[in-house]
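These are the residues of each chain, in order.
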Amino acid sequence: VQLQASGGGLVQAGGSLKLSCAASGRTFGTFNMGWFRRAPGKEREFVAAISRGVGNVYYSDSVKGRFTISRENAKNTVNLQMNNLKPEDTAVYYCAADEALGSATIKFGRGYSYWGQGTLVTVSS
């Protein structure tokens, strides 16, 4: 599956952005989808994920209550609505996909087989 992330940009602290990840090449509904980010000088970290099927959602503690992940299977798209953004949210955001993840592994990037190219989010203070 090919993934294309979009929606990044520059926003002031407290503002909002919506990231989208469009998938092509395979049956989108069979994939678990995740968002990860890498801030300058830091390791990649988990942000949010949504499972295939029933669509269970998972969030990192740092974004819980501010970010919302959703999927539109008919449009082969997963979205990440980001509200109340903080300067520490500045990072390149990546979407990822895999068919075989469970609740114990969906938060770990090493479990994902497919990755998008990343979109830069910059939050100014």
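The preceding data block contains the structure.
Rules and cut-offs
- Residue positions are given per chain, counting from 1 as you read along its sequence in written order.
- Side-chain atom pairs in this predicted model are given and counted only at pLDDT of 80 or more, local residue features only at pLDDT of at least 70, and totals for whole chains, interfaces and linings cover all residues.
- With hydrogens and water stripped out, all remaining heavy atoms of the structure feed into the side-chain values.
- Under the DSSP-based scheme used, a helix requires at least four consecutive residues in state H or I and a strand at least two consecutive residues in state E, with every element numbered from the N terminus.
- Throughout, the radius of gyration refers to the C-alpha atoms, and the reference size of a globule is 2.2 Å times the residue count to the power 0.38.
- Buried, partly exposed and exposed residues are distinguished by accessible area as a fraction of the type maximum, computed with a 1.4 Å probe on protein chains only: under 20%, between the cut-offs, and over 50%, respectively.
- Paired strands are those between which DSSP finds at least two bridges.
- Where helices are involved, their axes are fitted lines through C-alpha atoms of the stretch in contact, as for all axes, and angles between N-to-C directions lie from 0 to 180°.
- For Phe, Tyr and Trp, rings pair up if their centres lie within 6.5 Å, where Trp contributes its six-membered ring, and each pair is then called stacked (planes under 30 degrees apart), edge-to-face (over 60) or tilted (otherwise).
- Nonpolar cores were defined as sets of buried Ala, Val, Leu, Ile, Met, Phe, Trp, Tyr and Cys residues, with membership established by side-chain atoms within 4.5 Å.
- The contact criterion used is simple: two residues touch if any of their non-hydrogen atoms lie within 4.5 Å.

Participant: Looking at this structure, how should I read the overall build of the chain?
Facilitator: Within the chain, the regular secondary structure consists of zero helices and 11 strands. Taken over C-alpha atoms, the radius of gyration comes to 13 Å for the chain, in line with the 14 Å a tight globule of 125 residues would show. Overall, the chain is about 40 × 25 × 25 Å in size when its C-alpha atoms are taken along their principal axes. When each of the 125 residues of the chain is scored for burial, the buried share is 44%.

Participant: How should the sheet that holds strand β3 (residues 17–24) be read in this particular structure?
Facilitator: Whether parallel or antiparallel, the strands of a sheet pair through hydrogen bonds between backbone atoms. The sheet built from four strands is open, its strands ordered β1-β3-β8-β7 with antiparallel pairing. Of all strands in the sheet, those bounded by a partner on one side alone are β1 (2–6) and β7 (67–72). Strand after strand, the sheet turns through a mean of 15° between neighbouring axes, direction not considered.

Participant: When you look at the packing of aromatic side chains in this model, what are you seeing that I'm missing?
Facilitator: Here a ring pair, both rings aromatic, is described through the centre-centre distance and the interplanar angle of the planes. Tallied over the full model, the rule gives five aromatic pairs. Look at F31 and Y114: their rings are 5.8 Å apart centre to centre, the planes differ by 75°, and that puts the pair in the edge-to-face class. Here the residue F31 occupies a position in the loop between β3 and β4 (32–38), and Y114 occupies one in strand β10 (residues 114–115), the gap between them amounting to 83 residues. Relative to W115, the ring of F36 has its centre 5.2 Å away and its plane inclined at 55°; by these criteria the two rings are tilted.

Participant: Any chance you could explain the environment of L3 here in plain terms?
Facilitator: As for its position among the elements, L3 is in strand β1. Given a relative accessible area of 8%, L3 falls into the buried group. With 13 residues separating them along the chain, L3 and S16 place their C-alpha atoms 23 Å apart.

Participant: What should I look at first to understand the nonpolar core in this one?
Facilitator: Judged by nonpolar contacts, the single largest core of 30 residues is most densely connected at M33, W35, L80, M82 and Y93. Mapped by element, the contributors of at least two residues to this core are β1, β3, β4, β5 (45–50), β7, β8 (77–82), β9 (91–98) and β11 (119–124). For M33, the residues in contact, after removing those within four places along its chain, are L3, C21, F28, A48, A49, I50, I69, R71, V78, A96, A97 and Y112. Counting residues in each nonpolar core, the second largest holds eight residues, with F46, L101, I106 and Y112 among its members.

Participant: Just to check I follow, could you spell out the environment of R38 for this structure?
Facilitator: Relative to the assigned elements, R38 resides in strand β4. R38 sits 80 residues away from G118 along the chain, and the two C-alpha atoms are 9.4 Å apart.

Participant: I would appreciate a short explanation of the pairing of β7 in the present structure.
Facilitator: The alternating pattern of β7 places F67, I69 and R71 on a buried face and T68, S70 and E72 on a face that is not buried. Pairing analysis gives six bridges linking β7 to β8, with the strands arranged antiparallel. Its bridge partner lying in β8, F67 is registered against M82. The antiparallel hairpin formed by β7 and β8 contains four residues in its connecting segment, where N76 sits at a positive phi of about 55°.

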